[in-house]
Amino acid sequence: MQVLQARALTRRLGPTWAVRGVDLDLVEGRMVMLNGPNGAGKTTLVRVLATALRPTAGSLHLFGRPLEAVDRARVGLLTHADGHYDALSARENLRVAAALGPVRRPLEEVLELVGLAPRADDMVGTYSAGMRKRLAFARLLMKDPDLVLLDEPYAQLDPSGHALVDGLLAAWRAAGRTVLVSTHMVSRVASLVDDAVRLEGGRIIWNGPASEALAAAPGPGPAGE
Amino acid sequence: MELLRQCVEVTRKDLLLQWRTRSRFASVLAFGVTTLLLFSFAVGPDTTVLRTHASGYLWLAVLLASTLALSESFRLEVEHGAMDTLRLLPADPRVLYYGKALANLLSLAALAVLLLPFMVALYDVQVVMGMGRLLGLVLLGTAGLTAPGTMYAALAARARSSDVLLPLLLFPLLVPALVAAVKATGLVLEGDPMDQLGGWTGLLAAFNVVYWTLCGLLYRAVIED
């Protein structure tokens, strides 16, 4: 089943064309790595695909529905902007999310899973960047969406956090979730992903099986990063 | 009922945030008091003039202070991308609007009520028609500021010069509500021998009905990026 279909997707940010004419298909249960140099447009593309940003031009269908009718409950996004309120505790932040959106996994379970249970009542403003990232994962896990879009999931995390992300990716893969992971840590996710997409200057310059892309190093594929 | 419950959750979240960051509310209140004080300095010691224009000075102080309070409430939403997170939960935009607007209304009404004793003391004002009517008008007037204020604060929040943009967008729109609130408050303070209070209160109520309805419908377009 086609989970995501983007055609000629374009997004302008001020004077810059961050995403230019992107065609992309994501099939149910596949895990895709998005890669490219800094400023390639990866974050913008991921946000557009998650419906957090409207495309300037082009079309986007998620789960067979056009952008205007997308069921956002089935889409999960994790980006640099973690979306937390500093003046609320981790538990209070998750309670807000639980009150306003669908919850597939209990709050206490996800807090435990990401390792924040002991400090769940501390204000998020006192958290380190890594802890904030863990809390963002907790919110994503609580929603447990069918399509998971991750922008640099390893950034700011310590080695145990990296292991946590590895475990989550493996679990999502086993559960048949569709995952797009934008990362520079190619070797780390290489064994988990099915396909690879490389973005440069807002355009896709490589889209194919991850094994071929990695074998082509240092060619045009993701391994060239 | 589900929408109402979610609306209450958003209001609760915003009130909790305002309580945890209450030093900022104190700053806004101090700004309002300073504005009242400056009017009395500007006019001079003529208590007759001060008393005659007291309602105008009060509402200008409330209006100026409210732009700061409204900007602040959305600074917390855009600081770490919380607005995007709420949209993608997915929460109904009407829930986000009415929940936030209700919290802003309570906050601005508290601000206006706290400014009343300063107005009475600084301008030597008598409340001829009673405190009950005055408090009712304060609630109606601040509701008139809050409805479009919340929507325009959301619109301005992502702009670089949001603190400047918000008053530029909001003030022209608020002229009818401001005139009605000033006239009605003046009548409550000094008496209503010509029975004009009903007309001005009716205008203020009509402004509220139009903008509380309209802004709830338009909010989706405002918060989509």
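These lines cover the structure that appears in this document, whether it is placed above or below. (Residues numbered from 1 in each chain as written. Chains lettered and ligands numbered in written order. Predicted model: local features only at pLDDT ≥ 70, side-chain atom pairs only at ≥ 80, totals over all residues. Heavy atoms only, no water.)

Helices and strands together make up the secondary structure of chain B, namely 9 helices and 0 strands. The order of helices and strands in chain B, counted from the N terminus, is α-α-α-α-α-α-α-α-α. Along the three orthogonal principal directions, the C-alpha set of chain B runs to about 55 × 35 × 30 Å. Scored against the burial criterion, the 225 residues of chain B give a buried share of 52%. A separation threshold of at least 6 residues defines the contact pool for chain B, and within that pool the share at least 24 residues apart is 83%. A total accessible area of about 10000 Å² is found for chain B, and carbon and sulfur atoms account for 69% of it. Positive and negative side-chain charges of chain B, numbering 16 and 16 respectively, have mean locations separated by a distance of 5 Å. (Helix = DSSP H or I, 4+ residues; strand = E, 2+ residues; numbered from the N terminus. Buried < 20%, exposed > 50% of the residue type's maximum accessible area, 1.4 Å probe, protein only. Contact = heavy atoms within 4.5 Å. Areas by Shrake-Rupley, 256 points an atom, 1.4 Å probe, with all protein chains shown as cover. Lys, Arg positive; Asp, Glu negative; His and termini not counted. Charge placed at Lys NZ, Arg CZ, Asp CG, Glu CD.)

Once that is clear, we can look at the nonpolar core. Leu100, Phe137, Leu150, Leu169 and Trp172 of chain A together with Met119 and Tyr219 of chain B are the most contacted members of the largest nonpolar core, which totals 115 residues. Each residue touching tryptophan 172 of chain A, except ones within four places of it in the same chain, is listed here: Met31, Phe137, Leu140, Leu141, Asp144, Val148, Leu150, Arg177 and Val179 of chain A. In this structure, Leu4, Leu9, Leu24 and Val48 of chain A belong to the second largest nonpolar core, which totals 27 residues. (Core = buried A, V, L, I, M, F, W, Y, C linked by side-chain atoms within 4.5 Å.)

The next thing to look at is unusual backbone geometry. In this model, leucine 89 of chain B is joined to proline 90 of chain B through a cis peptide bond whose omega is 10°. Note that proline 90 of chain B resides in the loop between α5 (82-88) and α6 (93-123). Positive phi, close to 70°, is recorded for threonine 51 of chain A, a residue that is not glycine. Looking at the secondary structure, you find threonine 51 of chain A in the loop between α1 (42-49) and β4 (57-62). Assessed through its relative accessible area of 3%, threonine 51 of chain A is described here as buried. Here the phi dihedral of aspartate 144 of chain A falls at roughly 45°; this positive angle occurs in a residue that is not glycine. Inspection of the secondary structure assignment puts aspartate 144 of chain A in the loop between α4 (129-143) and β7 (147-151).

Taken together, the contact pairs 31 residues of chain A with 28 residues of chain B. Summing both sides of the interface, chain A and chain B together bury roughly 2400 Å²; the carbon and sulfur share of this comes to 57%. On the chain A side of the contact with chain B, Arg72, Tyr85 and Leu100 of chain A bury the most area, a combined 32% of that side's loss. For the interface between chain A and chain B, the tally reads 3 salt bridges. Arginine 47 of chain A is the partner of aspartate 84 of chain B in a salt bridge, and the nearest nitrogen-oxygen pair spans 2.3 Å. Of all the elements in the fold, those that place two or more residues in the side of chain A that touches chain B are β6 (75-78), α2 (90-100) and α4 of chain A. A per-element tally of the side of chain A that touches chain B places α2 of chain A first, with 5 residues. Here the side of chain A that touches chain B is composed, by residue class, of 16 nonpolar, 5 polar and 10 charged. (Buried area = accessible area lost by both parts, 1.4 Å probe. Salt bridge = Lys/Arg side-chain N within 4 Å of Asp/Glu carboxyl O. Nonpolar A, V, L, I, M, F, W, Y, C, P; charged D, E, K, R; others polar.)

Once that is clear, we can look at the sheet that holds strand β2 (residues 16-27) of chain A. All names here are of chain A. Strands sit in the order β2-β1-β4-β5 across an open sheet of 4 strands; the sheet is antiparallel. Each end of this open sheet is capped by a strand with a single partner; those strands are β2 and β5 (65-66). As defined by bridge partners, strand β1 (residues 2-13) adjoins β4 across 5 bridges and the pair is classed as antiparallel. If you follow threonine 10 over to β4, its bridge partner there is alanine 57. Strands in contact with α1 are β1, β2 and β4; relative to β1, the strand with the most contacts, it is inclined by about 125°. (Pairing = 2+ DSSP bridges. Axes fitted to C-alpha atoms, helices over the stretch in contact; angles between N-to-C directions.)

This paragraph deals with the packing of aromatic side chains. In this description, an aromatic ring pair is defined by two values, namely the gap between the centres and the angle between the planes. All names here are of chain B. Tallied over the full model, the rule gives 7 aromatic pairs over all chains. Judged by centre distance (5.2 Å) and plane angle (55°), the rings of tyrosine 97 and tyrosine 219 are tilted. Taken together, the residues span a long stretch of sequence, with tyrosine 97 in helix α6 and tyrosine 219 in helix α9 (residues 197-223) at a distance of 122 residues. Each member of the pair tyrosine 97 and tyrosine 219 is classed as buried. Judged by centre distance (4.5 Å) and plane angle (35°), the rings of phenylalanine 207 and tyrosine 211 are tilted. Highlighted residues: phenylalanine 207 and tyrosine 211, both in helix α9, separated by 4 residues, approximately one helical turn. Taking relative accessible area as the criterion, phenylalanine 207 reaches 8% and is therefore assigned buried. Following the ring pairs from residue to residue traces out a cluster consisting of Tyr97, Tyr98, Trp212 and Tyr219. Seen from the ring of tryptophan 19, arginine 22 lies directly overhead, with NZ or CZ sitting 4.1 Å from the centre. The side chain of lysine 100 reaches across the aromatic face of phenylalanine 74, ending 5.0 Å from its centre. (Phe/Tyr/Trp six-rings, centres within 6.5 Å; stacked < 30°, edge-to-face > 60°. Lys NZ or Arg CZ within 6 Å of the ring centre and 35° of its normal.)

Attention shifts here to the packing of α2 of chain A against α4 of chain A. Residue and element names in this part refer to chain A. The interhelical angle for the contact between α2 and α4, taken along N-to-C directions, is 30°, at an axis separation of 10 Å. Regarding the angle of α2 to α4, the classification is roughly parallel. The hand of the α2/α4 crossing is right-handed. Of the residues in α4, those in contact with Ala90, Asn93, Leu94, Ala97 and Ala98 of α2 are Leu135, Ala138, Arg139 and Met142. Residues of the contact of α2 with α4, tallied by class, amount to 7 nonpolar, 1 polar and 1 charged. (Parallel < 35°, antiparallel > 145°, perpendicular 65-115°, else oblique. Left-handed = near helix turned anticlockwise from the far one by under 90°.)

Another aspect to go through is the environment of asparagine 104 of chain B. Residue and element names in this part refer to chain B. Tracing the backbone shows asparagine 104 in helix α6. Judged by its relative accessible area of 3%, asparagine 104 is buried. For asparagine 104 and aspartate 46, which are 58 residues apart along the polypeptide, the C-alpha to C-alpha distance reads 35 Å. The contact partners of asparagine 104, leaving out residues within four places of it in the chain, are Gln18, Leu70, Ser73, Thr146 and Thr150.

Just geometry here; none of it tells us what the structure is for.
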